[in-house]
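# Breakdown of the fold
Residue strings, one per chain:
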4 protein chains.
Amino acid sequence: MDGTGTGRLEAFSDGVFAIAATLLILEVGVDTSRGDLGGQLTHIWPAYLAYATTFLIIGIIWINHHHCVSLIGRVDRPFLFVNLLLLLTVSFMPFPTKLVAQYLQKPDERQAVIAYAVTMVTMACIYNVWWRYARHHRRLIAEHVSDGSLEAVDRAFNPGVPLYALVLAVAFVSPLGSVIMTLFIAVFYLPSAALFERGT
Amino acid sequence: MDGTGTGRLEAFSDGVFAIAATLLILEVGVDTSRGDLGGQLTHIWPAYLAYATTFLIIGIIWINHHHCVSLIGRVDRPFLFVNLLLLLTVSFMPFPTKLVAQYLQKPDERQAVIAYAVTMVTMACIYNVWWRYARHHRRLIAEHVSDGSLEAVDRAFNPGVPLYALVLAVAFVSPLGSVIMTLFIAVFYLPSAALFERGT
Amino acid sequence: MDGTGTGRLEAFSDGVFAIAATLLILEVGVDTSRGDLGGQLTHIWPAYLAYATTFLIIGIIWINHHHCVSLIGRVDRPFLFVNLLLLLTVSFMPFPTKLVAQYLQKPDERQAVIAYAVTMVTMACIYNVWWRYARHHRRLIAEHVSDGSLEAVDRAFNPGVPLYALVLAVAFVSPLGSVIMTLFIAVFYLPSAALFERGT
Amino acid sequence: MDGTGTGRLEAFSDGVFAIAATLLILEVGVDTSRGDLGGQLTHIWPAYLAYATTFLIIGIIWINHHHCVSLIGRVDRPFLFVNLLLLLTVSFMPFPTKLVAQYLQKPDERQAVIAYAVTMVTMACIYNVWWRYARHHRRLIAEHVSDGSLEAVDRAFNPGVPLYALVLAVAFVSPLGSVIMTLFIAVFYLPSAALFERGT
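Please read all numbers here as calculations on a predicted model, not as lab measurements.

Further remarks concern the interface of chain A and chain D. Accessible area lost during the coming together of the parts is what is often quoted as the interface size. Between chain A and chain D, the residue contacts involve 44 residues of the former and 34 residues of the latter. When the two sides are added together, the surface that chain A and chain D hide from each other amounts to roughly 3300 Å², 75% of it contributed by carbon and sulfur. Taken as a group, Thr 22, Leu 37 and Trp 62 of chain A account for 18% of the area that chain A buries against chain D, more than any other trio of residues on that side. Taken together, the links from chain A to chain D amount to zero salt bridges. Connecting chain A to chain D are six residue pairs in polar contact (both at pLDDT 80 or more). Going through the elements one at a time, α1 (2-23), α2 (37-43), α3 (45-71) and α9 (175-192) of chain A are the ones with two or more residues in the side of chain A that touches chain D. The biggest single contributor to the side of chain A that touches chain D is α3 of chain A, with 13 residues. Broken down by class, the residue content of the side of chain A that touches chain D amounts to 27 nonpolar, 12 polar and five charged.

Laid out in structure tokens, this is it:
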């Protein structure tokens, strides 16, 4: 029964991750009444940047989620609720992503990127609560999982909140810099993460 | 074969739940021609409220659905049809949610929130029929399931229709109050529900 | 390996069915600049009719697909390709559904409903090819499946094309009648279908 | 654990493929303010062509992905990352598809089709890296898989990049020809592909 529990948790979570990531492209478009398509396709590069950054972020959240759930042996009600809050935040991401696509390099870019970074900080906080709730005194951890595996995940989660807090701070000074930093976190996080050092 | 039956029932249902929840964000946006992004991001709080409320409602429907299906050993044609009606109603939710986001705190807010509450009452009624059909004389219940488990689910389903009927009544007096009440139902329902007291 | 084959076939097909059904609601909306929300919510009943009709049609395609695949033991390349054409047609449905929602009871309603009915006829034809390809000389049928089970499915598939052809014919005379007839097919098809009389 | 690994890889990938394919139809629509629906439905044939072409391309990527993953016994971090890049590209496809639908047979059609073809070339390159990474020295290949099966997949992947490069070259001369060529690749690729000659 517990196995079924994590099975459906995964199914719904995977669904939300996949849909949130794929919906991002719906917001990318050109103004068909303006002409000069070639110029417009270059000019909307903030939309490409925002799309790729959020897509990779969601992909990495998915990969981490996948790994953590593989360490979890059972779920309880509070955990399902925190998981729902995590999905709510991920599912919200297309909105600030659209703001970045629409406003980057324009007068209100700072507010747009701050909204984006606040979403990322919120996600990182909820994701940490999610993991720490399951991991605390091995509350939901499967028996066969070694302490080393858990510590590897801890090491992967620890930099999340500080890094995104830095992204938020940078947003006040350089909106473009903040978005590029988020992209770098996504690109470099996966290969360097200790996340997959499975209980070696 | 029956196991396969509930397997695909879950797959399609999970898909609809995840998509309906994730589509909600598509309706949230700002007017890019207006400027003052910071002000607009604050001003559209009814959109955030409507988004979070419906997302949590769908999430809780999903968690309950997941638990109930785990008690069900086989499906038949009428049950699949009622399940389809339930999904039709859940899949409809992004529309009244958009209405609440667009109209709350504006002249026509009452009609918008009534449409929202009517959708919730309809969902609660269909969901009750769905459960009672499966549970009546243990029609579709798996053999290993104890009566105590079924009674726990009954206790969780019983307050649904009256609560949403109250939400609908409040909508006539205070549209905002009605939406906030719906959010509270979602937030407090899960932790307090007897739903997961599995046959103790 | 073959089981994996139908497993992923189901996963992708379920995904397309669930998404196509859930996207339908995105096209339902009101004109926020017009006021009189209560009147508008009544006035857009063709959108509700089109939404419910297509949702149920897709749901029934899904249930039938689910049952047929449970009889299938292996897949081959032509079958995957026909399945892809079936999904292409189902995934197309939100477009003619939107046309019905936009044009019913308006000057161009006939063209809109003809487009809708042509889509349904096309779907029914491809679905028949899909089933007949798998069933012919038990090409892809699992060994344990009785001939009686296959004949029950045949009886369920036989009326599909003629019924939708009639729906198309009616569209020329009475567009509204044609849509209502499609809804009736959906509502009455499932309970009366011989589809689930599993090899009795 | 490894099996779980490819299981969730498939779930997320299937989700993205199914959603990207199904979202395509959202961009197809008519101008309700113009009248002459019958004429418009004929006039927007580029939208149908773009829809069908991309839907089939994504479907074939899915079928190939499905087959390749069935040969893979375990996943590692770089592979997950390349898979994410592949999904990012597939998920991007609705945007250039919309451009083709909007601009084909209009002044800026060349730029639109070039954007479409560049996306296809990029996808083909990443897909080749994806396969070659897994296949090199049988890095991620399951033990039971014969070298013959791998060579069959190689033969299926080899023409991908050159074919799409040709599509891109044709886009400069004949945009419409380029899109039709892409459709032909999709329609003829599957039945002729050596992909499913499983280790004969």
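Text resumes after the structure shown.
What follows deals with the arrangement of the chains. What separates chain A from chain C at the closest point of their C-alpha atoms is a distance of 9 Å, and the two make no contact. Taking C-alpha atoms as the reference, chain B and chain D come no closer than 9 Å and do not contact one another.

What follows deals with the layout of surface pockets. Of the pockets and cavities examined, the largest pocket occupies roughly 880 Å³. Around the largest pocket, the lining is made up of 31 residues, and of these Ala 11 of chain A, Ala 11 of chain B, Ala 11 and Asp 14 of chain C together with Ala 11 of chain D lie nearest the centre. If you list the elements that add at least two residues to the lining of the largest pocket, you get α1 of chain A, α1 (2-23) of chain B, α1 (2-23) of chain C together with α1 (2-23) of chain D. For the lining of the largest pocket, the class distribution of residues is 12 nonpolar, nine polar and 10 charged.

So, on to the interface of chain B and chain A. In this assembly, 44 residues from chain B lie in contact with 33 residues from chain A. Summed over both sides, the interface between chain B and chain A buries roughly 3300 Å², with carbon and sulfur atoms accounting for 75% of that surface. Contact with chain A buries area across many residues of chain B, yet Thr 22, Leu 37 and Trp 62 of chain B alone supply 18% of it, more than any other trio. Our count for the contact surface shared by chain B and chain A stands at six residue pairs in polar contact (both at pLDDT 80 or more).

We now examine the environment of Leu 163 of chain B. All names here are of chain B. As for its position among the elements, Leu 163 is in helix α8 (residues 160-173). Remark: the alpha-carbon pair of Leu 163 and Ala 117, spanning 46 residues in sequence, is separated by 11 Å. In contact with Leu 163, not counting residues within four places along its chain, are Met 181 and Ile 185.

Turning our attention to the environment of Ile 19 of chain D. Within the fold, Ile 19 of chain D resides in helix α1. Judged by relative accessible area, Ile 19 of chain D falls into the buried class, the value being 3%. Taking the C-alpha atoms as reference points, Ile 19 of chain D and Ser 91 of chain D, 72 residues apart in sequence, are found 8.2 Å from one another. Residues in contact with Ile 19 of chain D, not counting those within four places in the same chain, are Ala 18, Ile 19 and Thr 22 of chain A together with Ile 19 of chain C.

Conventions used here
- Residues numbered from 1 in each chain as written.
- Chains lettered and ligands numbered in written order.
- Predicted model: local features only at pLDDT ≥ 70, side-chain atom pairs only at ≥ 80, totals over all residues.
- Heavy atoms only, no water.
- Contact = heavy atoms within 4.5 Å.
- Buried area = accessible area lost by both parts, 1.4 Å probe.
- Salt bridge = Lys/Arg side-chain N within 4 Å of Asp/Glu carboxyl O.
- Polar contact = N/O pair within 3.5 Å; in protein donor to acceptor, adjacent residues only side chain to side chain.
- Helix = DSSP H or I, 4+ residues; strand = E, 2+ residues; numbered from the N terminus.
- Nonpolar A, V, L, I, M, F, W, Y, C, P; charged D, E, K, R; others polar.
- 1 Å grid on protein atoms, 1.4 Å probe; cavity = no way out; pocket = protein on both sides within 12 Å on 5 of 7 lines; lining within 4 Å.
- Points joined across faces, edges and corners; volume = space filled by probe spheres on them.
- Buried < 20%, exposed > 50% of the residue type's maximum accessible area, 1.4 Å probe, protein only.

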